[in-house]
Amino acid sequence: MPIHLPPTSGFHNLSVQEKQYRELLQQFSEEHAHILSEAYAMAKKAHEGQLRDDGTHYILHPLRATICLIAECDITDVATLAAALLHDVVEDTPLTAEQITRNFGGEISRLVQEVTRPRPAVEEEESIRRDKAKKFISLMDADEKTRLIKCADVLDNVRSWPNIPCGSDALKKLPRWHDEIQHYALPLAQKTHPVLFQELSKAFVFSQNNKNLCVPPND
């Protein structure tokens, strides 16, 4: 029988996450805080109407990943943080790299493109597994900014696994996800940042030890 896990306080709550983000921006200069506010606004608009596998607003994912970089890893590089907010827009929304370049410049656009995996409209599970493995391998040679974004992305995904609704088709992907973390994401995090490696290791072990965790869909 599946084990029901109550949602973590504030993890699913967009207002809570946005409040924390606004508070974190207070440590930045006015110019940098403006850039990060505008990047979040663009990402939120681009992901409007999209939902995660756990049924929450998609924007929560890049927002939490960015908060993780600031609050847990002490990352203050504005290009890295802005790209973390925007890291899924080219892959999952109509927003283009050219639009990011026009609004935020070439460095932020480059970082978004570095973590973007081009994919066809329809993919088979085996091709997904193969292409994602290739992407992870290529990221091992990427610069630190790119690796930070990808590791924060993966960490938030793993932290969100226990909140996937019971019966969701997404649960069928867990074996592939576990394989990706063990063979690719953990080595990438180990190379990139000690906090990201430690937190990803903890979240992954928890997931491995509690493979039946899920949340009733209407909770």
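In what follows, the structure referred to is the one given above.
Everything numeric here is computed off the predicted structure, so don't read it as measured data. (Residues numbered from 1 in each chain as written. Predicted model: local features only at pLDDT ≥ 70, side-chain atom pairs only at ≥ 80, totals over all residues. Heavy atoms only, no water.)

Enquirer: What is the right way to read the layout of surface pockets from this model?
Expert: Unfilled space is identified by rolling a water-sized probe across the atoms. Its volume calculated, the second largest pocket comes out at about 220 Å³. Along the wall of the second largest pocket there are 14 residues; nearest its centre are Phe11, Gln17, Arg64, Glu72 and Arg159. Looking at the lining of the second largest pocket residue by residue, the class counts come to seven nonpolar, three polar and four charged. (1 Å grid on protein atoms, 1.4 Å probe; cavity = no way out; pocket = protein on both sides within 12 Å on 5 of 7 lines; lining within 4 Å. Points joined across faces, edges and corners; volume = space filled by probe spheres on them. Nonpolar A, V, L, I, M, F, W, Y, C, P; charged D, E, K, R; others polar.)

Enquirer: Would you mind showing me how to read unusual backbone geometry here?
Expert: Note on backbone geometry: most residues besides glycine have negative phi, and most peptide bonds are trans. Positive phi, normally seen in glycine, also occurs at Asp74, with a value near 60°. With respect to the element layout, Asp74 can be found in the loop between helix 3 (60-72) and helix 4 (78-85). In this structure Asp74 comes out as exposed when scored by relative accessible area, which is 64%. (Helix = DSSP H or I, 4+ residues; strand = E, 2+ residues; numbered from the N terminus. Buried < 20%, exposed > 50% of the residue type's maximum accessible area, 1.4 Å probe, protein only.)

Enquirer: Please clarify how the pattern of salt bridges should be interpreted in this entry.
Expert: Between side chains of opposite charge, a pair can form as their charged atoms come close. According to the stated counting rule, one finds 16 salt bridges in the structure shown. Here Lys19 ties to Glu23 by a salt bridge, and the two come within 2.6 Å at their closest N and O atoms. One end of the pair is Lys19 and the other is Glu23, both in helix 1 (residues 14-25) and four residues apart, which spans about a single turn. Assessed through its relative accessible area of 41%, Glu23 is described here as partly exposed. Note that Glu107 is salt-bridged to Lys145, the shortest N-O span being 3.4 Å. Taken together, the residues Glu107 in helix 7 (residues 106-115) and Lys145 in helix 9 (residues 144-160) connect sequence positions 38 residues apart. Linked through salt bridges whose partners overlap, the residues forming this network are Asp77, Glu107, Arg110, Asp143 and Lys145. (Salt bridge = Lys/Arg side-chain N within 4 Å of Asp/Glu carboxyl O.)

Enquirer: How do you make sense of the state of the cysteines when you look at a structure like this?
Expert: For the coordinates displayed, the defined rule picks out one disulfide. Residue pairing for Cys166: its cysteine sulfur links by disulfide to Cys214, the two sulfurs lying 2.0 Å apart. With the S-S dihedral at roughly 90°, the linkage between Cys166 and Cys214 falls on the right-handed side. Of this pair, Cys166 sits in the loop between helix 9 and helix 10 (174-192) while Cys214 sits in strand 2 (residues 213-214), placing them 48 residues apart in sequence. Across this residue pair, the class does not change: Cys166 and Cys214 are buried. No disulfide involves Cys73; its sulfur sits 4.5 Å from that of Cys68, the nearest cysteine. Overall, Cys73 belongs to the buried group, its relative accessible area being 5%. (Disulfide = S-S within 2.5 Å.)

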